[in-house]
Amino acid sequence: MLSAFGRAFRTPDLRRKLLFTLGIITIFRLGAFIPSPGVSYQNVQQCLQGGQTQGSLYQLVNLFSGGALLQVSIFALGIMPYITASIIVQLLRVVIPRFQQLYEEGASGQGKLTQYTRYLTIALGLLNATTLVSLARSGQLLPNCQLPIIPDSSIITTILIIITLTAGTGLIMWMGELVTEKGVGNGMSLLIFTSIAATFPTSLGAIWTSKGPGTFFTVLAIGLVTVALVVFVEQSQRRIPVQYAKRMVGRRTVGGTSTYIPIKVNMAGVVPVIFASSMLYLPGLIAQFNQPKAGEQMAPWVEWINNNLTKGDHPIYMALYFAMIVFFTYFYVAITFNPEEVSDNMKKYGGFIPGIRAGKPTADYLQYVLSRITLPGAIYLGFVALIPLIALVLIGANQNFPFGGTSILIMVGVGLETVKQIDAQLQQRHYEGLLR
């Protein structure tokens, strides 16, 4: 393995890509610690050191920003607006026929979709920045902290912070695209990977300090087992054999080959977990904006939400979280994998599944296999996402449990994909790749 890394850095082109990627990651991490103008850095640090973030509603966004959200830095919004915009544009392909036409046009059409995604990212960044500033000014971003995060509440300071946060989102998006074009690829995913990995030392250190070495090594053991299981499932796939009939193209005979359609057990990736987490954050966010004033009685529905849907260790929260992950897994797979489109493409190029007639029978068969293999994938996603909530109950790791479902799924998926890309580029110049 070390010799493989040595070969990678001895290859000039690949070394340049790796160093460029590391440089962008360094800039990205530095931006997470630069406070926005008008934000009291000392007050924010006192609140964070005092452990005032437990029970916060913004753990997912804070995770994707590498802890920058709760520090209200220039990169506080992280990559989350781009993720949301990408998912929205992908879902709009089902609703708006024009988007589907652009997707089918190839590189030029997908370039336009990418441009729409950029515009939507800036719009969402502006909306999220406004929400974040309003929460910080009202003291609801860190509800247990009495120190003012933004001492100057003038309109000029507020607009300056909103513009800075939105510009930070645009800069992150640009850096991710630079890594995709000039680095090792997978730019946006690598930035998310970096943000999540950056929180691991702090989380593990907090567990060692608060719970002792016994719990610390228990968490490490759980993490290693979880990573091994996630790697196993992420690499698992059902291979449907496909044969192509021989046909004449000019004077040449083409076809007659055998291949397969790989259908992964987890085709939806981490998107259902993000969907479910976002949906479960909404009731708590609405309840937070409807807290009673001094002397008033809390509304029954607000009290029920505060008791049942804002604490990860509550059985109702866990049940809803699991059910929503299963639902969104089927929903997202149905959108991203179209059996009829795959069947038409196979029929166009003379391909068929042995024992299955071309056309509608092939589409029905693919739908049958897809529906059966999505169930274990959905259950797997649900259990992996519940790991930090179960740890909260069993070992009391609280919010500091680092091997959460979302973080492990993203890190393993991005890590495997990046290693494969480096391996492919290395094999273009050497007979041996990064992995043997």
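Parameters at a glance
Residues numbered from 1 in each chain as written. Predicted model: local features only at pLDDT ≥ 70, side-chain atom pairs only at ≥ 80, totals over all residues. Heavy atoms only, no water. Pairing = 2+ DSSP bridges. Helix = DSSP H or I, 4+ residues; strand = E, 2+ residues; numbered from the N terminus. Contact = heavy atoms within 4.5 Å. Axes fitted to C-alpha atoms, helices over the stretch in contact; angles between N-to-C directions. Phe/Tyr/Trp six-rings, centres within 6.5 Å; stacked < 30°, edge-to-face > 60°. Buried < 20%, exposed > 50% of the residue type's maximum accessible area, 1.4 Å probe, protein only. Lys NZ or Arg CZ within 6 Å of the ring centre and 35° of its normal. Salt bridge = Lys/Arg side-chain N within 4 Å of Asp/Glu carboxyl O. Expected span 1.5 Å × (residues − 1). Arc of directions from axis to C-beta. Patch = residues over 30% accessible without salt bridge, like charges linked within 9 Å, V, L, I, M, F, W, Y side chains within 5 Å. Areas by Shrake-Rupley, 256 points an atom, 1.4 Å probe, with all protein chains shown as cover. Core = buried A, V, L, I, M, F, W, Y, C linked by side-chain atoms within 4.5 Å. Domains from an automatic or database assignment.

1. A word on the sheet that holds strand E1 (residues 237-244)
Spatially, the 3 strands line up as an open sheet ordered E4-E1-E5, and their pairing is antiparallel. Strands with a single pairing partner mark the edges of an open sheet, and in this sheet they are strand E4 (258-264) and strand E5 (351-352). Both E1 and E4 contribute to a ladder of 7 bridges, which runs antiparallel. In the strand pairing of E4, Gln243 is matched with Ser258. Sitting on the sheet, helix H16 (residues 360-385) is in contact with E1 and E4, with an inclination near 165° to E1.

2. Some words on the packing of aromatic side chains
On inspection of all chains with the given rule, the structure shows 10 aromatic pairs. Between the aromatic rings of Phe99 and Tyr116, the centroid separation amounts to 5.6 Å while the plane-to-plane angle is 20°, which identifies the pairing as stacked. Of this pair, Phe99 sits in helix H6 (residues 97-104) while Tyr116 is found in helix H7 (residues 107-138), placing the two residues 17 residues apart along the sequence. Ring centres of Phe275 and Phe328 lie 5.3 Å apart, and the angle between their planes is 75°; on these two criteria the pair is classed as edge-to-face. A residue pair is termed long-range when its members are at least 10 positions apart, and Phe275 in helix H12 (residues 271-288) and Phe328 in helix H14 (residues 315-336) qualify at 53 residues. A relative accessible area of 14% places Phe275 in the buried class. Through pairs of rings, three or more aromatic residues link up here, namely Phe275, Phe327, Phe328 and Phe331. Against the face of Tyr103 rests Arg93, its NZ or CZ located 3.7 Å from the ring centre.

3. Quick notes on the pattern of salt bridges
One pass over the full model with this rule turns up 4 salt bridges. Among the ionic pairs, Arg118 bridges to Glu177, the shortest N-O distance being 2.9 Å. Here Arg118 is found in helix H7, whereas its partner Glu177 is found in helix H8 (residues 155-182), with 59 residues between them in sequence. By relative accessible area, Arg118 is classed as partly exposed at 26%.

4. Here we look at helix H2 (residues 12-31)
The terminal C-alpha atoms of H2 lie 29 Å apart, and with 20 residues this matches the ideal 28 Å at 1.5 Å per residue to within 8%. Every buried residue belonging to H2 is among Leu14, Leu18, Thr21, Ile24, Ile25, Phe28, Arg29 and Gly31, and all of these are buried. Along the long axis of H2, the arc covered by the buried residues comes to 160°, so they all point the same way. Across H2 from its buried face, at more than 90 degrees, point the exposed residues Pro12, Arg16 and Leu30.

5. Some points on a nonpolar patch on the surface
A cluster of nonpolar side chains, namely Ile155, Ile156, Ile159 and Ile163, defines an oily patch on the protein surface of about 430 Å² accessible area. You can see Ile163 is positioned in helix H8.

6. Points about the nonpolar core
Counting residues in each nonpolar core, the largest one holds 69 residues, and the members touching the most others are Ile261, Ile263, Val273, Tyr321 and Leu409. Both of domain 1 (1-183) and domain 2 (210-435) provide at least three residues apiece to this core. Ignoring sequence-local partners within four residues, the contact set of Val273 consists of Tyr321, Ile325, Leu381, Ala385, Thr406 and Leu409. Formed by 21 residues, the second largest nonpolar core is a distinct cluster that contains Leu69, Leu77, Leu141 and Cys145.

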